[in-house]
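# Topology and contacts: notes
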Amino acid sequence: MAADDLGCGYPQIGGPEMLDGTETLRCEHEPTIGDVINALRSLHAALIPGAPGEFVRSAAILDGRLFTISHSAYLQVLSDKIQFPSFMRTMPNADTVSVGVSMLVKHFGWTWIGLLSQDTSTTQTTMQLIKQDILKTGACVAFWEKIPTLYSTTTLHRLVKVLRMSSAKAVVTICSEPYLVPFMEEAARQNLTGIIWIATHVWASSSLLSVADYSKVLTGTIGFAIPRGVIPGLKEYLYNLNPHRNPEDLFTKEFWEVAFGCTWPEGFTNSSSSAFEDYQRTPQCTGYENLLGLKSYILDVNNFRLTNNVYNAIYATSHALHNLLSCRPGKGPFVNGTCANIRDLRPWQLLHYLKKVHFHNPEGEEIYFNENGDPPPRFEILNWQRQEDGSIQHVNVGTFDYSAPQGRQFVFNESAIVWNEEGEQVPVSMCSARCLEGHRKAVREGQASCCYDCVPCSELEISNHTDSIKCFKCPDDHMPNERQDRCVTKPVEYLSYYEPLGAVLATISICCCFFSVSIFLIFIKYNQTPVVKANNLPLSYLLLCALMLCFLCPHMFIGQPLWWTCLLRQTTFGNIFALCVSCILAKTITVLLAFSATRPGSKLKQWTGLKVPLCVTIICSSIQLMLCLAWLVLAPPFHELNFRSSARRVISECNEGSTMAFWLMLGYMGFLATITLIVAFLARTLPDSFNEAKLITFSMLVFVAVWFSFIPAYLSTRGKHMVAVEIFAILASSAGMLSCIFLPKVYIILLRPEMNTKDHLMGRSSKVKEKR
């Protein structure tokens, strides 16, 4: 039953009846059925301009005390059962409203929000809750302005200017209709458009604002409205109202005056002349006015919302009374299983049953109260859409049910939404434009976090979603794409046969090898000629074979590195080159011994055979072999993918295992080459006709120059270019030895056969010419 609608109430210290600063008359009698009918009759007044404020209450009245079931109070503090243990309501609390608004803002991506509230303590408290929940979503508040309760043209003009100048296009508004109408009139006068109004339940279904005068301003508004309901029989009852049937019914007379804009003759009591003049100008009520001619929204029973809340409150009380009367002695909820005595009923007993009420009203809506006395937190989402006649229609585009599972609290039909001036395109309300993928937000100093600049990610970082606050590095085997919005797999780099550099080096290698084979075959064919026989034929053959292998070594460096190629390529190359240099050293020593043994009385003739060069070759090569075997046993090379050397590629390479072993191998090879160069340099003054030392000197100069140039080039490169540098050094040094030592001999054999004689080699041909 509605105590306030009955015209009386029951004061309670700290009770909710004091929240609006008013005090109701004390009821002196228990409500009768007639009182209930009168209460129902007056429910519609809540929807009519000038009706009681937001704290109209419904109360069950028993034994001179009360518990309250409110149909419109939404303050969050009323859910505190310590302060208000007997307060219940059919209106969701403000916390539900604030959560719904924040979720709506987040759903549409609005991050720059304006707040507009009525300048009263209750709306300020609710707006503070909304602000907190909006900030939790990551959005920011651009401004918070207050609509005055006392009309001020200057203030309203300033408020409209603030909204027009602000970049915040989504504005959350809490304000009752009487105070919001003047503001909207000013907004319409100044043609304020493009604002996304987010209306709370206070005015989300307002009929006063849904007129053509405000349609240009308010079209596109999204509002949280109390669910509407159809009350069976109410339509017939309302259309049968007539003051003549119940002349003492003050509520019907008051409704008649508001609905038809008239006054009853006996209603004038003000003695002032101005009031009397106004009274005379106002049409007088006759009681015969036609209800069917009223504006549709006044008796639109299909859209009653607060009325439905009152209906649910009374229905809940009825169910509680029914359950109370259905109690069986011995099985009751009170001490020793007792039941409540209907003739001596205490309010707390009915309150006990009311807290446990759970039913579906005739509309199928689920009704119950939680532990805080709050109803199911449900709202309809209304979209204000302009009609052809200029008026505004409230179109249901979704629902918000805070009690639903996570992710299903909002149910939207976005295609049905019409936005102000934007059609079906969701308007934007942001301080700064969204940062696209590949950028990050850099907050502007001294401004809100929603105001920022978009900064491109650094070269090696990405951001893969809009409005990223920082950029991220890709995994080691990935790199940023060109737009820097995702990581892509790095290409694996190695010196391949299919790329120009690899193909050229491989071709040169094969050609040089064939050239070595050709020289080898020439030496075999002309092995009985003096030039071939005079240069220690076995060592020449061994050197040519070693050079052939040197030219084939690059093929162990070209192509995808494998475990076995990594294991063998450096050690194979080192041993083959050590063999080459050892052979050249042996040939040089042979030349020195041969010329030294020709001197009279020389004891070196016994060392001029094949044993000394073979021993030199074997010993010098064996040292390198032992070094390489130790390397393979203690710290063998292995294949690895190098992610560190390059930001844009993965280098498939061979890890040498032991850097010291690698440089020790090269160092020993350089040591042999240096010794050979020194020995050859000492033998350069021997007779030209039989002297191979000059050729060896040139070959060692080339060898040493190549490998000393190799070291800095090798250390300054990475990946396939490092491999290419080593291959070039191998080919260049091998080609230098082959060219300097063997090409002059091939020239004599093939092109100057007259020089390929023993006399010429012994220098006799020149002496004969001198005698002539």
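Relevant structure appears above.
Residues numbered from 1 in each chain as written. Predicted model: local features only at pLDDT ≥ 70, side-chain atom pairs only at ≥ 80, totals over all residues. Heavy atoms only, no water.

## Digging into the overall build of the protein
Secondary structure assignment for the protein yields 21 helices and 22 strands. Each of the 772 residues in the protein was classed as buried or not, and the buried ones make up 48%. Taking all contacts inside the protein whose residues are at least 6 apart in sequence as the whole, residues at least 24 apart take part in 66%. Summing over all exposed atoms, the protein offers an accessible surface of approximately 38,100 Å²; the carbon and sulfur share of this is 59%. (Helix = DSSP H or I, 4+ residues; strand = E, 2+ residues; numbered from the N terminus. Buried < 20%, exposed > 50% of the residue type's maximum accessible area, 1.4 Å probe, protein only. Contact = heavy atoms within 4.5 Å. Areas by Shrake-Rupley, 256 points an atom, 1.4 Å probe, with all protein chains shown as cover.)

## Quick look at the packing of aromatic side chains
In total, this model carries 31 aromatic pairs according to the counting rule given. Summarising the aromatic geometry, the rings of Trp110 and Trp419 are spaced 5.7 Å apart at their centres and angled 85° between planes, so their arrangement reads as edge-to-face. Residue Trp110 is found in the loop between helix H2 (94-107) and strand S4 (112-118), and its partner Trp419 is found in the loop between strand S13 (410-412) and strand S14 (439-443); the two are separated by 309 residues along the sequence. Using a relative accessible area of 2% as the deciding quantity, one classes Trp110 as buried. With 6.1 Å between their ring centres and 25° between their planes, Phe400 and Tyr402 make a pair best called stacked. Among the aromatic residues, those joined into a cluster by ring pairs are Phe108, Trp110, Phe224, Phe379, Phe400, Tyr402, Phe410, Phe412 and Trp419. Its guanidinium or amino end placed over the ring of Trp144, Lys146 lies 5.0 Å from that ring's centre, counting from NZ or CZ. (Phe/Tyr/Trp six-rings, centres within 6.5 Å; stacked < 30°, edge-to-face > 60°. Lys NZ or Arg CZ within 6 Å of the ring centre and 35° of its normal.)

## Points about the state of the cysteines
Scanning all chains against the criterion turns up eight disulfides. Residue pairing for Cys327: its cysteine sulfur links by disulfide to Cys339, the two sulfurs lying 1.8 Å apart. Residues Cys327 and Cys339 share a disulfide whose torsion about the S-S bond is about -70°; that sign makes it left-handed. With Cys327 in the loop between helix H10 (306-325) and helix H11 (347-355) and Cys339 in the loop between H10 and H11, the pair connects residues that are 12 residues apart, well separated along the chain. For Cys327, a relative accessible area of 17% translates into the label buried. Between the sulfur atoms of Cys474 and its disulfide mate Cys487 the distance is 2.0 Å. Between Cys474 and Cys487 the sulfur-sulfur dihedral comes to about -90°; the bridge is accordingly left-handed. With Cys474 in the loop between strand S17 (472-473) and strand S18 (478-480) and Cys487 in strand S19 (residues 487-489), the pair connects residues that are 13 residues apart, well separated along the chain. Judged by its relative accessible area of 14%, Cys474 falls in the buried class. (Disulfide = S-S within 2.5 Å.)

## Section: the pattern of salt bridges
When the charged atoms of two side chains lie near each other, side chains of opposite charge can form a pair. Here the structure, examined in full by the defined rule, presents 14 salt bridges. In this structure, Arg486 and Asp485 form a salt bridge, with 3.7 Å as the shortest nitrogen-oxygen distance. Since its relative accessible area comes to 46%, Arg486 is described here as partly exposed. In this structure Asp485 comes out as buried when scored by relative accessible area, which is 2%. With its nearest N and O atoms 2.5 Å apart, the salt bridge here joins Arg649 to Glu493. You can see Arg649 sitting in the loop between strand S21 (638-642) and strand S22 (650-655) and its partner Glu493 sitting in strand S20 (residues 492-493), a full 156 residues away along the chain. Connected via shared salt-bridge partners are Arg483, Asp485 and Arg486. (Salt bridge = Lys/Arg side-chain N within 4 Å of Asp/Glu carboxyl O.)

## As for the sheet that holds strand S5 (residues 140-147)
Taken in spatial order, the eight strands of this open sheet run S5-S4-S6-S7-S8-S11-S12-S13, and their pairing is mixed. The outermost strands of the open sheet, each flanked by one partner alone, are S5 and S13. With strand direction ignored, the average angle separating the axes of adjacent strands in the sheet is 25°. The sheet contact formed by strand S6 (residues 170-174) and strand S7 (residues 196-199) spans four bridges and is parallel. Paired with Val171 across the bridge in S7 is Trp197. Packed onto the sheet, helix H4 (residues 153-165) meets S5, S6 and S7 and runs at close to 165° relative to S5. Contacting S4, S5, S6 and S7, helix H5 (residues 177-189) runs over the sheet at an angle of about 110° to S5. (Pairing = 2+ DSSP bridges. Axes fitted to C-alpha atoms, helices over the stretch in contact; angles between N-to-C directions.)

## Description of the packing of helix H12 (residues 500-525) against helix H19 (residues 720-751)
Packing of H12 against H19 leaves a shortest axis separation of 10 Å and a crossing angle of 25°. In terms of orientation, H12 lies roughly parallel with respect to H19. Our pair here, H12 against H19, has a crossing hand that is left-handed. Side by side, H12 and H19 meet where Leu501, Leu505, Ile508, Ser509, Cys512, Phe515, Ser516, Ile519, Ile522 and Phe523 of the first sit next to Ala724, Ile727, Leu731, Leu738, Phe742, Leu743, Lys745, Val746, Ile749 and Leu750 of the second. Looking at the contact of H12 with H19 residue by residue, the classes come out as 17 nonpolar, two polar and one charged. (Parallel < 35°, antiparallel > 145°, perpendicular 65-115°, else oblique. Left-handed = near helix turned anticlockwise from the far one by under 90°. Nonpolar A, V, L, I, M, F, W, Y, C, P; charged D, E, K, R; others polar.)

## Describing the pairing of S4
Of all seven residues making up S4, seven are buried, and the element is well covered by its neighbours. Neither face of S4 is exposed, since Trp112, Gly114, Leu116 and Gln118 on one face and Ile113, Leu115 and Ser117 on the opposite face are all buried. Pairing analysis gives seven bridges linking S4 to S5, with the strands arranged parallel. Looking at S5, one finds that Ile113 is bridged to Val141.

## Looking at the sheet that holds S22
An order of S20-S22-S21 is seen for the three strands of this open sheet, with the pairing classed as mixed. Looking along the sheet, the strands with just one partner apiece sit at the ends: S20 and S21. Here five bridges tie S21 to S22, and the two strands are oriented antiparallel to one another. Paired with Leu641 across the bridge in S22 is Ser652.

## A look at H5
Helix length check: H5 (13 residues) gives 18 Å between terminal C-alpha atoms against 18 Å at 1.5 Å per residue, within 8%. Here H5 has its buried residues at Leu180, Val181, Pro182, Phe183, Met184, Glu186 and Ala187. Elements that come into contact with the buried residues of H5 comprise S4, S5, H4, S6, S7 and helix H6 (215-218). Two residues or fewer after H5 comes Asn191, characterised by a positive phi angle close to 55°. (Expected span 1.5 Å × (residues − 1).)

## Brief notes about the nonpolar core
Ranked by size, the top nonpolar core spans 75 residues in total, and within it Phe523, Phe573, Phe577, Phe703, Trp707 and Phe742 carry the most contacts. Only H12, helix H13 (530-533), helix H14 (537-552), helix H15 (563-597), helix H16 (611-634), helix H17 (659-682), helix H18 (693-715) and H19 provide two or more residues apiece to this core. For this core, the element with the highest residue contribution is H19, accounting for 15 residues. Aside from chain neighbours lying at most four places away, what touches Trp707 is Phe573, Phe577, Leu666, Met669, Ala729, Ile730 and Ser733. (Core = buried A, V, L, I, M, F, W, Y, C linked by side-chain atoms within 4.5 Å.)

## Thoughts on the packing of H10 against H11
It is at 8 Å that the axes of H10 and H11 come closest, and there the two elements cross at 110°. Looking at the two axes, H10 sits roughly perpendicular to H11. Packed against H10, whose contacting residues are Ala316, Thr317, Ala320, Leu321, Asn323 and Leu324, the element H11 presents Gln349, Leu350, Tyr353 and Leu354 at the interface. Of the residues that constitute the contact of H10 with H11, the class distribution is seven nonpolar, three polar and no charged.

## A look at the pairing of S7
Residues of S7 alternate between two faces, with Ile196 and Ile198 on one and Trp197 and Ala199 on the opposite face, all of them buried. In this region the chain leaves S6, passes through H5 and returns to the parallel neighbour S7; the handedness of that crossover is right-handed. (Right-handed = clockwise from strand over helix to strand, strands pointing away.)

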